[in-house]
Amino acid sequence: MAIKLIVGLGNPGKDYQSHRHNVGFWFCDTLANLYSATFKKETKFFGDVTQVTIAGLTVRLLKPKTFMNRSGQSIQALAKFYQLDSSEILVVHDELDLDSGTAKLKAEGGHGGHNGLRDTIKALSTKSFFRLRLGIGHPGDRSQVSDYVLHAPNKSELTQIQNAMVDALQVIEDIVKGDIDKAMKNLHTKD
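Read on for an overview of the structure. Being a predicted model, the structure only gives us computed values, none of them experimental.

Let's shift gears to the pattern of salt bridges. Summed over all chains, the structure comprises seven salt bridges. Across the salt bridge formed by glutamate 157 and arginine 20, the nearest N and O atoms sit 2.9 Å from each other. Of this pair, glutamate 157 sits in helix H5 (residues 155–169) while arginine 20 is found in the loop between strand E1 (5–8) and helix H1 (23–34), placing the two residues 137 residues apart along the sequence. Neither glutamate 157 nor arginine 20 differs from the other in exposure class; each is buried. Residues joined in a network through salt bridges with shared partners are Asp174, Lys177 and Lys182.

Take the nonpolar core next. Within the largest apolar cluster, 37 residues are counted, with the highest numbers of intra-cluster contacts made by Ile6, Phe27, Leu90, Leu132, Leu134, Ile172 and Ile175. When residues in this core are grouped by element, the largest group, six residues, is from H1. The residues contacting leucine 132, other than those within four sequence positions of it, are Phe27, Leu90, Val91, Val92, His93, Ala103, Lys104, Leu105, Ala168 and Leu187.

How each quantity is defined
Residues numbered from 1 in each chain as written. Predicted model: local features only at pLDDT ≥ 70, side-chain atom pairs only at ≥ 80, totals over all residues. Heavy atoms only, no water. Salt bridge = Lys/Arg side-chain N within 4 Å of Asp/Glu carboxyl O. Helix = DSSP H or I, 4+ residues; strand = E, 2+ residues; numbered from the N terminus. Buried < 20%, exposed > 50% of the residue type's maximum accessible area, 1.4 Å probe, protein only. Core = buried A, V, L, I, M, F, W, Y, C linked by side-chain atoms within 4.5 Å. Contact = heavy atoms within 4.5 Å.

The structure is reproduced here in structure tokens:
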């Protein structure tokens, strides 16, 4: 099944835009720039939305403005309005369990402690949606996680994260067409 909605998770506002937690927003911004699209505030969807054509298919990009812990409200509002199945949704988010520079696709699963995913699962009443996990590394101690995700990566980490986004963009057409296995194989296998 084709992907009709790509959601980037993050927190709205200038104070948060450079934080590790906002890599989902960064990815959607990059996609919008690549396809010459501009985000518009859509209050009924509690977020910024634009539309692009990838591999001949129409895809909406969404950046929820509800803050990370309420991401599901925005995703659910848009999905319900356009009658999207959860299998047509790709959620892009920061991933502590992957090193900076690593991008992985996942078909479904739990939230792994990620509040944006936790709220999305609750709002959609399912774990069955695709995820693009962009590694940001781990601070090493659980007690430091919230501080870590709410700070900007250093220069070398930022370069690694950008490289992971480039890797993911190279398989975005396969993802959108629903050829997830092919996209996973290409993304997860480095030569």
